[in-house]
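A closer look at the structure
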Amino acid sequence: MYSLKSLHTFGFNNHARNLLILDENFNDLCQLEQPYWILGQGSNCVFLEDFDGTIVKIESDGKQLTELEHEYQLTVSAGENWHQLVCFCMENGLYGLENLALIPGTVGAAPIQNIGAYGVELNRFIESVEFIDIRSLQKRRFSQLECKFGYRDSVFKRDMQGQFIITKVVLRIPKLWVPIAFYGELQRLKEPTALDIFNKVIQIRSAKLPDPRQIGNAGSFFKNPLVSKKHYAALQCEWHDIPCYEVDQTSVKVPSAWLIDKLGFKGQKEGGIQCHPTQALVLTNDGTGTGSQLLTLARKIQHQVEATFSIKLENEVRLVGSKGMIEL
Ligand code: FAD
Ligand code: EPU
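Position labels on residues start from 1 in each chain and follow its written sequence. Written order decides the labels, with chains lettered from A and ligands numbered from 1. Local features in this predicted model are restricted to residues whose pLDDT is 70 or higher, and side-chain atom pairs enter the listing and the counts only when it is 80 or higher, whereas totals over whole chains, interfaces and linings include all residues. Processing note: side-chain calculations cover all non-hydrogen atoms of the structure and skip hydrogens and water entirely.

Turning next to the packing of helix 1 (residues 82–91) against helix 2 (residues 194–208). Angles here are taken between N-to-C directions and fall from 0 to 180 degrees, while the axes themselves are lines fitted to C-alpha atoms, restricted in helices to the stretch in contact. Working definition: helices are DSSP H or I runs of at least four residues, strands are E runs of at least two. Numbering for both runs from the N terminus. With their axes 11 Å apart at the nearest point, helix 1 and helix 2 run at an angle of 155° to one another. Comparing their axes, helix 2 and helix 1 come out roughly antiparallel. The interaxial crossing formed by helix 1 with helix 2 has left-handed handedness. Where helix 1 approaches helix 2, its residues His83, Val86, Cys87 and Met90 are matched on the opposing element by Ala194, Phe198 and Ile202. Of the residues contributing to the contact of helix 1 with helix 2, the split by class is six nonpolar, one polar and no charged. An angle below 35 degrees is read as roughly parallel, one above 145 as roughly antiparallel, one from 65 to 115 as roughly perpendicular, and any other as oblique. Crossings are assigned a handedness: left-handed for a near helix turned anticlockwise from the far helix by less than a right angle, right-handed for a clockwise turn. In what follows, residue pairs with any heavy atoms lying within 4.5 Å of each other are defined as contacts. Side-chain classes are defined by residue name, with Ala, Val, Leu, Ile, Met, Phe, Trp, Tyr, Cys and Pro counting as nonpolar, Asp, Glu, Lys and Arg as charged, and the others, Gly among them, as polar.

Structure representation (C-alpha cells):
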C-alpha cells in the first residue's frame, strides 16, 4: 500500500494499492490495469478513501524553447511544475503567463481544466497538446481548437476522461506583450510591466488562498456558475449587492464564494474540514479531516445554495473514491 497523503494537496491519509511513476519511459503503460488514476501533483484531486488500484504519477521533465519571428514556441514535458515554468518565462523575457503565477500543479494537468486566474486562461497560449491514448498506446496531438477549451473545461475533462496521458504541452507566446490588468486589485497598477503583474498576483494569492503546505486544500472547491441574465435579474431584486461577471449576451457568471459567504458558511467546520475564513470557496483539511466529513460539508453548501438561490454548484475538484471519480 502507498500513502496518498503527500501525493495530493488535500492531504487525506488514504492509500493506494499500487504506484507507477512515469518519467520519459511510457512503455510501462502496456501493463496498466483498471482501475487506475493519473496524477500530477494532486492539487485538483481529493482522495476521499483508499484507492483500490494504481496511481500513475507523471514526473517527466524538460522543455524546449524555439524563437520564431513573432512568437516563442515552448514545448514542455507534462511533469514540469507550472509555477516554475512561469518563473522561467519571466526570467527569460517571455511575457504573458504572469497572471497565472503561483497556480499549483503540473504543466500536463494545466490544459485539462484550462487553468485560469486574474483575467487570463491558459488556452490563449496553447498551440497543441500531445498525449498517449491509453487503450491503443498511440501518440496523438490535438490543436488548440480540438481541445475544445472552456471555463475550467476541455475535451480532456469530458468525453476523454481517463483515456489518455498528456505527455507534452506546446505553448505559443507572442513577442508583442499586452498587459491584462482589469481583474480586481490588478486595476490599481499604473502602466504595469509583466513583472509588476507577476509580483502583484503572487501577493494577492498569498494573502487570500491557504498554502497547501500549511493546510490541506485543493483551491476553489466549486466552479463559479453560469446564470441566465433573467435569473440574475430576479436574484438582484432580493440580493441587491449580488456580484457578477459578464459572459455573453444571455448569461453572467456569479462568484460561488459570494453565495457561500452570504449563507454564513465562512469559518464553519465539519470535523477537521473548514470553509476557509478568508476565501469561502476553499474547503480545508486541518490534518484530522476525513472524506466523509468533506462530502457532508460540501453537500450542505450545495443544498443550501440551491435552496436559496436556485443555483446548482458543481464541484471543480476531482473527487476520487475507491474505484475512481465520484460525483458530489
Ligand atoms: P492533479 O490534481 O494531479 O490532476 C488533475 C486532473 O488531471 C485529474 O483528473 C488527473 O487525473 C488529470 N491529470 C493530471 N496530469 C495528467 C496527465 N499528464 N495526463 C492526463 N491526465 C492528467 N486552478 C486554476 O485554474 N486557477 C487557480 O487560480 C487555481 N488556484 C489553486 C490554488 C490552490 C491553493 C490549489 C491547491 C489549487 C488551485 N487550482 C487552480 C487547481 C490546480 O492547481 C489546477 O487544476 C492544476 O492544473 C492541477 O495540477 P496537478 O498536476 O496538481 O493535477
Ligand atoms: N467573495 C466573497 N467572499 C469570499 C471571497 C470572495 O463574497 O470569501 C466574492 C467577492 O465579491 C469577490 C468575488 O467573490 O470579488 C470573487 O472572488 P475572487 O476574486 O477571490 O475569485 P473567485 O471567483 O473566488 C476565481 C477562481 C480562482 C482564481 C480567482 C482569481 C474559480 C472557481 N475560481 O475565484 O481559481 O484564482 O478567481 O482569478 O473560477 C481555482 O480554480 O482553484 C482557483 C483558486
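Still to come is the rest of the account.
Domain start and end points were adopted from an automatic or database domain assignment. In terms of domain boundaries, the chain breaks down into domain 1 (2–58), domain 2 (63–174) and domain 3 (216–320). The contact between domain 1 and domain 2 buries some 1,100 Å² in all, and 66% of this surface belongs to carbon and sulfur atoms. Here the buried area means the combined drop in accessible surface, using a 1.4 Å probe, for two parts upon being joined, counting both sides. A per-residue breakdown of the area domain 1 buries against domain 2 is headed by Leu29, Gln41 and Ile58, which together make up 39% of the total. When a carboxyl oxygen of Asp or Glu is within 4 Å of a side-chain nitrogen of Lys or Arg, the pair counts as a salt bridge. Taken together, the connections running from domain 1 to domain 2 amount to zero salt bridges. We call two N or O atoms a polar contact when they sit within 3.5 Å, provided that within protein one can donate a hydrogen and the other can accept it, with sequence-adjacent residues counted only if both atoms are side-chain atoms. Joining domain 1 to domain 2, the criterion identifies three residue pairs in polar contact (both at pLDDT 80 or more). If you list the elements that add at least two residues to the side of domain 1 that touches domain 2, you get strand 3 (36–39) and strand 5 (51–58). Here the side of domain 1 that touches domain 2 takes three residues from strand 3, the largest share from any one element.

Before going further, it helps to spend a moment on the site of ligand 1. By convention in this text, a residue qualifies as near a molecule or strand provided that one of its non-hydrogen atoms is within 4 Å of it. Taken together, 34 residues are adjacent to ligand 1, and Ile38, Gly40, Ser43, Thr106 and Arg205 come closest. One nitrogen or oxygen atom from the main chain of Gly116 is found 2.8 Å from a nitrogen atom belonging to ligand 1. The separation between a nitrogen atom of ligand 1 and a polar main-chain atom of Ile166 is 2.8 Å. Surface accessibility follows the Shrake-Rupley procedure with a 1.4 Å probe radius. Residue values consider only the protein chains on display as shielding. Contact with the protein chains covers 95% of the free accessible surface of ligand 1, which is 990 Å². Breaking the shell around ligand 1 down by element, the ones donating at least two residues are strand 3, strand 8 (116–117), strand 12 (164–174) and strand 13 (216–220). When its residues are assigned to classes, the shell around ligand 1 shows 19 nonpolar, twelve polar and three charged.

Here we come to unusual backbone geometry. Put simply, Gln34 and Pro35 share a cis peptide bond, and its omega is -10°. Examined against the element boundaries, Pro35 turns out to sit in the loop between strand 2 (15–22) and strand 3. Even without being a glycine, Asn114 presents a positive backbone phi close to 50°. Within the secondary structure, Asn114 is located in the loop between helix 1 and strand 8. Residue classification places Asn114 among the buried residues on the basis of a relative accessible area of 0%. The phi dihedral of Tyr118 falls on the positive side, at around 50°, and the residue is not glycine. Within the fold, Tyr118 resides in the loop between strand 8 and strand 9 (120–121). Only protein chains enter the accessibility calculation, which uses a 1.4 Å probe; a residue whose area is less than 20% of its type maximum is buried, one above 50% is exposed, and one in between is partly exposed. Looking at Tyr118, the relative accessible area reads 12%, which means it is buried.

Counted by the stated rule, this structure contains 14 salt bridges. Where Asp52 meets Lys323, a salt bridge forms, and the shortest distance between an N and an O atom there is 2.9 Å. Here Lys323 lies in the loop between strand 20 (318–320) and strand 21 (325–326) and Asp52 lies in strand 5, a separation of 271 residues in the sequence. The exposure class of Lys323 is exposed, given its relative accessible area of 55%. For Lys223, the salt bridge is made with Glu314, and the minimal N-O distance between the two is 3.3 Å. Here the residue Lys223 occupies a position in the loop between strand 13 and strand 14 (226–228), and Glu314 occupies one in the loop between helix 5 (291–309) and strand 20, the gap between them amounting to 91 residues. Here the salt bridges do not stand alone but share partners, grouping Arg17, Asp52 and Lys323 into one network.

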